Amino acid sequence: MRRTLFESLIRGPLTEQPPAADDAAIAELAKNVEKAAQARLGRSLSIRQVDAGSCNACELEIHALANAFYDLERFGLRFVASPRHADVLMVTGPVTKNMREALKRTYDATPDPKWVVAVGGCAADGGIFKGSYACVGGVSDVVPVDLHIPGCPPSPRALLKGLLALLEHVAGKHR
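Summary of the structure given here.

So, how was this worked out
Residues numbered from 1 in each chain as written. Predicted model: local features only at pLDDT ≥ 70, side-chain atom pairs only at ≥ 80, totals over all residues. Heavy atoms only, no water. Phe/Tyr/Trp six-rings, centres within 6.5 Å; stacked < 30°, edge-to-face > 60°. Lys NZ or Arg CZ within 6 Å of the ring centre and 35° of its normal. Pairing = 2+ DSSP bridges. Helix = DSSP H or I, 4+ residues; strand = E, 2+ residues; numbered from the N terminus. Axes fitted to C-alpha atoms, helices over the stretch in contact; angles between N-to-C directions. Contact = heavy atoms within 4.5 Å. Buried < 20%, exposed > 50% of the residue type's maximum accessible area, 1.4 Å probe, protein only. Right-handed = clockwise from strand over helix to strand, strands pointing away.

1. Overview of the packing of aromatic side chains
Right, so step 1: Tallied over the full model, the rule gives zero aromatic pairs.
Right, so step 2: For lysine 114, the ring lying beneath its charged end belongs to tyrosine 107, and the centroid distance is 3.9 Å.

See below:
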């Protein structure tokens, strides 16, 4: 036991190396999202995340958007606790039968203009759970979806790019 303790103190932690920091690209991407939100809404973009039955991999990547590396708050993007304060619903996972009604109610409680983003492969069409007795299918089988962000799970950068694409698309529609 003593030998194992000493070896662990000398060797250090066994973790993966962090990704190469591309702070300028991430900052530019987030500023573009902020500008698009200000132009379209006249204020910051409020996001409500809804787990419709996922494995939590997509949630981990979404929560990474709020960590010190990405820090969405500095760019005017924020997560809210109530759908009544949200502009965007980010839905993860295949919609289970137990979550179908809750997702519909959350969608109905979100004020207009509202957008729904299906995050991950499971949210797009049910993923590996497609056809399961407990699964209704993808998010678009329950509520209208404005954007699908592919990946299992999508990276935080892909999520930022998806939000920017959504805002640019919506701004282009209303010009």
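And the narrative resumes.
2. So, the sheet that holds strand E1 (residues 45-51)
Right, so step 1: The parallel open sheet is built from five strands, whose spatial order is E2-E1-E3-E5-E7. Two strands bound the open sheet, and with one partner strand each, they are strand E2 (77-79) and strand E7 (147-149). Here the strands of the sheet are splayed against their neighbours by 25 degrees on average, with no regard to which way each runs.
Right, so step 2: Sheet topology note: the strand E3 (residues 88-92)/strand E5 (residues 115-119) ladder contains five bridges and is parallel. From the neighbouring strand, leucine 89 faces E5, where its bridge partner is valine 116.
Right, so step 3: Against the sheet, helix H4 (residues 100-109) contacts E1, E3 and E5, and its axis sits at roughly 165 degrees relative to E3.

3. Looking at the pairing of E1
Right, so step 1: Along E1, five of the seven residues are buried, which leaves the element largely enclosed by surrounding structure.
Right, so step 2: Where E1 meets E2, three bridges bridge the pair, whose relative direction is parallel. Across the sheet, the residue bridging to serine 46 is arginine 78, located in E2.
Right, so step 3: Taking the sense of rotation as the criterion, the β-α-β connection linking E1, helix H3 (residues 57-64) and E2 turns out right-handed.
Right, so step 4: Note: E1 against E3, five bridges, orientation parallel. Along E3, the bridge assignment pairs isoleucine 47 with valine 88.

The quantities given are spatial measurements derived from coordinates; they are silent on function.
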